[in-house]
Amino acid sequence: EAITVQELAQRMAEKAPAVIKALMGMGVMATINQTLDQDTAQLVVEEFGHKVKRVSEADVEEGLIGDEDDAGDLRSRAPVVTVMGHVDHGKTSLLDALRKTDVVAGEAGGITQHIGAYQVQLGDGNKITFLDTPGHEAFTQMRQRGAGVTDIVVLVVAADDGIMPQTVEAINHAKAAEVPIIVAINKIDKPGADPTRVRNELLQHELVVEAMGGDIQDVEVSALQGTNLDKLEEAILLQSELLELKANPDRNADGVVIEAKLERGRGPVASLLVRRGTLKVGDVFVAGAEWGRVRALVDERGQQLKSAGPAQPVEVLGLQGTPSAGDDFAVVENEARAREIHEYRQEKLRSKRTTAAPASLESMFSAIREKQATEFPIVVKGDVQGSVEAIVSSLEKIGNEDIRARVLHAAVGGITESDVTLAAASEAIILGFNVRANKQARDAAEQNGVAIQYYAVIYDLIDDMRELMAGQLAPEV
Ligand code: GDP
């Protein structure tokens, strides 16, 4: 969409002549009623030191994000935890076992409904929210959509199996998101259990547990027998104290869609996790490109609620359409506003669908350069361990004081959707050495504009990366 100089000035709360002057400085001669394209408008906005946001978007979404809360209004809130780890190491079993530690279970019949997350209340009154879709796919997909809802990752490692490829993936996904990890060494009831081996293997991934002088908490558990679940919960609460998690409960709610579906007889149903504020029956809200009015709130115990506060997961009825997992939601002042945002975002979705294209290495890099990033994030996949290691150590040597490579994840194997979601969430590129991307990965790369480069010669790969990073050094003209 185009915008006139006058409108642009108004939206920035600047004087029109100042905008015209700024345009002149950029070599653009404009009058007050002249329309500017989006790119030019964005340059002007940046020139004035305002937020880098498409102006039309800023207009529609302003007020949605709202002001920062005053420190005095903040109250501590429950941590939000995601369980990750290798397949069969016991993620689902652990989530089931933790669910049973809820002390209000007795009165209300327990946590029975699957709404994508549940909150347990502990004996001392503390609460912990668990996202009950385990795995790093869901975690990273949420993050990619801008929804960094997880405060703490519980990494499940089976004591009889040790660190496996998906454990490493999970570690790297959590690290890329800068979310602290607590290790649950599971299956300690098994005869072959060797927790010490797990701790040693963790060292190789720079996770140093407390017993070895580091600051990563680890807890030996058995999901099957319910051993040490209280210790795990204590570790989570300790970590959450360190994080000083707080939110203002007394404001319009916003947060994230964790699941959404169309249900026969109930219409569109979404599970929401409130980030801050309190969501109430009757509130008008937008969720992604959809909107609704809260008709009912239902918790994981199947009970109807009047309201839901920070870190509380809740199922909401009353949406007009079905949003996507990872979409944000926010309460707005009235229905007209909700419809306006809904229409704007629907339009944006339509245009995005027709313009999506795979990104090139150069375009990814120039995006990074635009942000003046100092790190160039890379995911490396290769056919054998030796070449992956050689590539990583070479990548770590190139770069300069302005920018250097940051290898988010490096592993043996073909390029999968998980690699693409990780790359997309961190705006990284993917380098394939003698391996290819599978169909799902290619589709995901296309949808998300992630660049995948294939190489058969290590020298070529390093040369390309060195050249890209040297471009960063080129004097500006
Ligand atoms: P996920 O793939 O990580 O979700 O793993 P599951 O929770 O499905 O568990 C995989 C298998 O390990 C199942 O057969 C579980 O019964 C078993 N399992 C999970 N936790 C334990 C445990 O603490 N001890 C033992 N002995 N078995 C477990």
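Presented here is a report on the structure given in the accompanying data block. (Residues numbered from 1 in each chain as written. Predicted model: local features only at pLDDT ≥ 70, side-chain atom pairs only at ≥ 80, totals over all residues. Heavy atoms only, no water.)

**Section: the site of the ligand**
Taken together, 15 residues are adjacent to the ligand, and Asp88, Lys91, Thr92, Ser93 and Asp189 come closest. Within the contact set of the ligand, an oxygen atom lies 2.7 Å away from a backbone nitrogen or oxygen of Asp88. Here an oxygen atom of the ligand sits 2.5 Å away from a polar atom, N or O, in the side chain of Thr92. In the complex, the protein chains occlude 73% of the 580 Å² of accessible area that the ligand would expose alone. At three residues, the largest contribution of residues to the shell around the ligand is made by helix H5 (residues 91-99). Here the residues of the shell around the ligand are counted per class, giving three nonpolar, seven polar and five charged. (Near = heavy atom within 4 Å. Polar contact = N/O pair within 3.5 Å; in protein donor to acceptor, adjacent residues only side chain to side chain. Areas by Shrake-Rupley, 256 points an atom, 1.4 Å probe, with all protein chains shown as cover. Helix = DSSP H or I, 4+ residues; strand = E, 2+ residues; numbered from the N terminus. Nonpolar A, V, L, I, M, F, W, Y, C, P; charged D, E, K, R; others polar.)

**What about H5?**
Those residues of H5 not exposed but buried are Lys91, Leu94, Leu95, Ala97, Leu98 and Arg99. Close packing links the buried residues of H5 with strand S4 (80-85), strand S5 (117-121), strand S6 (127-131), strand S7 (152-158), strand S8 (181-186) and helix H10 (229-243). (Buried < 20%, exposed > 50% of the residue type's maximum accessible area, 1.4 Å probe, protein only. Contact = heavy atoms within 4.5 Å.)

**Here's the deal with the nonpolar core**
With 25 residues, the main nonpolar core has Leu94, Ile128, Phe130, Val154, Leu232 and Ile236 as its most contacted residues. Of all the secondary-structure elements, those providing two or more residues to this core are S4, H5, S5, S6, S7, S8 and H10. Beyond its immediate sequence surroundings of up to four residues, Phe130 is in contact with Val81, Leu95, Leu98, Ala117, Tyr118, Val120 and Ile236. Grouped together as the second largest cluster of nonpolar side chains are 21 residues, Phe139, Ile163, Ile185 and Leu202 included. (Core = buried A, V, L, I, M, F, W, Y, C linked by side-chain atoms within 4.5 Å.)

**Thoughts on the sheet that holds strand S23 (residues 452-455)**
Strand pairs in the sheet, formed through backbone hydrogen bonds, run parallel or antiparallel to each other. Spatially, four strands are ordered S21-S20-S22-S23 in an open sheet, and the strand pairing comes out parallel. Whereas interior strands pair on both sides, the edge strands pair on one side only; in this sheet they are strand S21 (404-412) and S23. Taken pair by pair, the neighbouring strands of this sheet meet at an average axis angle of 25°, ignoring direction. The pairing of strand S20 (residues 375-382) with S21 spans eight bridges and is parallel. (Pairing = 2+ DSSP bridges. Axes fitted to C-alpha atoms, helices over the stretch in contact; angles between N-to-C directions.)

Nothing here speaks to function; it is geometry throughout.
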